[in-house]
Amino acid sequence: MGDQTIVGLPVAVEGAGTIGPNSVTQLGNSVAAILGNDARETLFRMAGLEGLLLCPPENMIDESIPNALFRALWQIFPETASDMAAEAGRRTADYVIENRIPRFVQMIMRVAPRYLSAQMLMQAIRKNAWTFVGSGHCQIATQGRLLITISDNPLVMPDCVWHAAVFERLFERLVANGTTVNHTDYCSGNTPVCRFEIRLPTS
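Residues numbered from 1 in each chain as written. Predicted model: local features only at pLDDT ≥ 70, side-chain atom pairs only at ≥ 80, totals over all residues. Heavy atoms only, no water.

Draft legend 1. Just the overall build of the protein, in detail. In terms of helices and strands, the protein carries 8 helices and 8 strands. Structurally, the protein occupies a C-alpha span of about 45 × 35 × 30 Å along its principal axes. Taken over 203 residues, the protein has a buried fraction of 46%. Sequence separation of at least 24 residues holds for 65% of the intrachain contacts in the protein that already meet a minimum separation of 6. Of the roughly 10,100 Å² of accessible surface on the protein, 50% is carried by carbon and sulfur atoms. Side chains of the protein give 16 positive and 19 negative charges; the mean places of these two sets differ by 10 Å. (Helix = DSSP H or I, 4+ residues; strand = E, 2+ residues; numbered from the N terminus. Buried < 20%, exposed > 50% of the residue type's maximum accessible area, 1.4 Å probe, protein only. Contact = heavy atoms within 4.5 Å. Areas by Shrake-Rupley, 256 points an atom, 1.4 Å probe, with all protein chains shown as cover. Lys, Arg positive; Asp, Glu negative; His and termini not counted. Charge placed at Lys NZ, Arg CZ, Asp CG, Glu CD.)

Draft legend 2. Spatial organisation of the pairing of strand β8 (residues 193-199). Counting buried residues along β8, 5 of its 7 residues qualify, which places the element largely inside the surrounding structure. When strand β6 (residues 146-151) meets β8, the two strands line up antiparallel, connected through 6 bridges. When the sheet's bridge partners are listed, Ile150 is paired in β8 with Cys194. The sheet contact formed by strand β7 (residues 180-185) and β8 spans 5 bridges and is antiparallel. (Pairing = 2+ DSSP bridges.)

Draft legend 3. Structural context of the packing of aromatic side chains. Considering all chains together, one arrives at 3 aromatic pairs under this definition. When the centroid spacing of 5.7 Å and the interplanar angle of 75° are considered together, the rings of Phe132 and Phe167 count as edge-to-face. With Phe132 in the loop between α7 (114-127) and β5 (137-141) and Phe167 in helix α8 (residues 161-174), this pair connects stretches of sequence that are 35 residues apart. Residue Phe132 shares its accessibility class with Phe167, and that shared class is buried. For the pair Phe167 and Phe196, a centre-to-centre distance of 5.3 Å together with 75° between the ring planes defines the contact as edge-to-face. (Phe/Tyr/Trp six-rings, centres within 6.5 Å; stacked < 30°, edge-to-face > 60°.)

As structure tokens, then:
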């Protein structure tokens, strides 16, 4: 990933990796839900991606596409960008739960001891990281603290709210209500990783 930035967000190298289409479709849905359809159209047009409103992506897409949308989001709607990015992350997690995780697995995770469900979800996140880290790399730690680390994150944004919201919603719905995700390290020139600490409720 290059050093060039636009409003503090790194510019992805085109063709360097792919990410799931929900990073685009759920952002559009979130903008429309919060600010209206006109705002969604403005966002996609300013990012040069208005064609995706007519033909939403259904397969993996180049990471430069959601990168461009999130950068445009902060440029056009700086006051509400974090809220809309977080809502897009929650909607993405909801889609994954409804369409990608078998019902019987969800049932097992919800009734199993909390520590076991957390371990299962962490392993699933690691195994499916290719859908949300693009050209980056994902590692997990489950001993002591629950940590998710993404190096060379292609979707860096303030507080990395999209990834944090995805992880938090997954844990809230599948492991324990009241789970929080803290973005403890920011992927930048001096710190090449984003790190997320998952904190389960104590009671």
